[in-house]
Amino acid sequence: MKKVLGVFFLVLVVGVLGVGIGGCTTYNGLISARQGVDQAWAQVETVYQRRADLIPNLVATVSGNANFERSTLQAVTEARASVGQVKLPSGQAPDSSESLRKFQAAQDSLGSALSRLLVVAERYPDLKASQGFRDLQVQLEGTENRITVERQRFNEMVGGYNTRIQRFPTLILARLFNFQPKPYFAADPGAEKAPKVEFNFNSPQK
């Protein structure tokens, strides 16, 4: 009888240890997945900040042309300011679709204002010929491409994380420790292609 109880106790201990180790592994996997999402979000913020940092130099360069449309410059300046008004938790990805929607709306508004400025700049040959302006255009093009890449990467990380916390039996621990789904960037029609910023400096003026 004692041997039977001993074996039963041993099996019980091994089972408890196995569940405990499995639970720790699962929990650590959830932590890693969530950190992956936060790291991807940090990259998104970095490339958007790079674009914002280019704007003062761009506005200053364009402002050097006395005839440049003031309303266009004002729209860019105001859109950049509105981006700074969207407050998100520091160091982590947004937890709600609404907060991400506000962030995306502000960034899209800034992107549209920038596109308008660059289109208007095509009408000013002297501005287009400026080396400083051309350098800023190249930097903006590269930044817009990086924004698209980092947003796609963020969505991929969110997809992996959201799938993980919904799978059984991981979802038990996910709910126990309050691992919540993360929102995705919404894709507009044609958003799968990076915005193309092109300036044909060598084309003849009409």
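Residues numbered from 1 in each chain as written. Predicted model: local features only at pLDDT ≥ 70, side-chain atom pairs only at ≥ 80, totals over all residues. Heavy atoms only, no water.

A. Region of interest: the layout of surface pockets. A volume near 260 Å³ is recorded for the second largest pocket. Lining of the second largest pocket is provided by 13 residues; of these, Gln 49, Val 83, Val 86, Phe 103 and Gln 107 occupy positions nearest its centre. Where the lining of the second largest pocket is concerned, the elements lending two or more residues are α1 (2-63), α2 (70-84) and α3 (97-121). The element contributing the most residues to the lining of the second largest pocket is α1, with four residues. Its residues assigned to classes, the lining of the second largest pocket shows seven nonpolar, three polar and three charged. (1 Å grid on protein atoms, 1.4 Å probe; cavity = no way out; pocket = protein on both sides within 12 Å on 5 of 7 lines; lining within 4 Å. Points joined across faces, edges and corners; volume = space filled by probe spheres on them. Helix = DSSP H or I, 4+ residues; strand = E, 2+ residues; numbered from the N terminus. Nonpolar A, V, L, I, M, F, W, Y, C, P; charged D, E, K, R; others polar.)

B. Fine view of the pattern of salt bridges. Tallying each qualifying case throughout the model produces eight salt bridges. Residues Arg 51 and Glu 144 are paired through a salt bridge, measuring 3.1 Å at the closest nitrogen-oxygen approach. You can see Arg 51 sitting in helix α1 and its partner Glu 144 sitting in helix α5 (residues 131-166), a full 93 residues away along the chain. Taking the relative accessible area as the measure of exposure, Arg 51 reaches 3% and is therefore buried. (Salt bridge = Lys/Arg side-chain N within 4 Å of Asp/Glu carboxyl O. Buried < 20%, exposed > 50% of the residue type's maximum accessible area, 1.4 Å probe, protein only.)

C. Main features of the packing of α2 against α3. Taken N-terminus to C-terminus, the directions of α2 and α3 make an angle of 160°; their axes are 8 Å apart at the nearest point. The pairing of α2 with α3 is recorded here as roughly antiparallel in orientation. Judged by the twist between their axes, the crossing of α2 over α3 is left-handed. Together, Thr 72, Leu 73, Ala 75, Val 76, Ala 79, Arg 80, Ser 82 and Val 83 of α2 and Ala 106, Gln 107, Ser 109, Leu 110, Ala 113, Leu 114, Arg 116, Leu 117 and Val 120 of α3 make up the contact between the two elements. Its residues assigned to classes, the contact of α2 with α3 shows eleven nonpolar, four polar and two charged. (Axes fitted to C-alpha atoms, helices over the stretch in contact; angles between N-to-C directions. Parallel < 35°, antiparallel > 145°, perpendicular 65-115°, else oblique. Left-handed = near helix turned anticlockwise from the far one by under 90°. Contact = heavy atoms within 4.5 Å.)

D. Geometry of unusual backbone geometry. Following Phe 168, the chain continues into Pro 169 via a peptide bond in cis, with omega recorded as 5°. With respect to the helices, strands and loops of the structure, Pro 169 is situated in the loop between α5 and α6 (170-176). Phi is positive for Asn 178, close to 60°, though the residue is something other than glycine. Among the structural elements, Asn 178 can be located in the segment after α6.

Nothing here speaks to function; it is geometry throughout.
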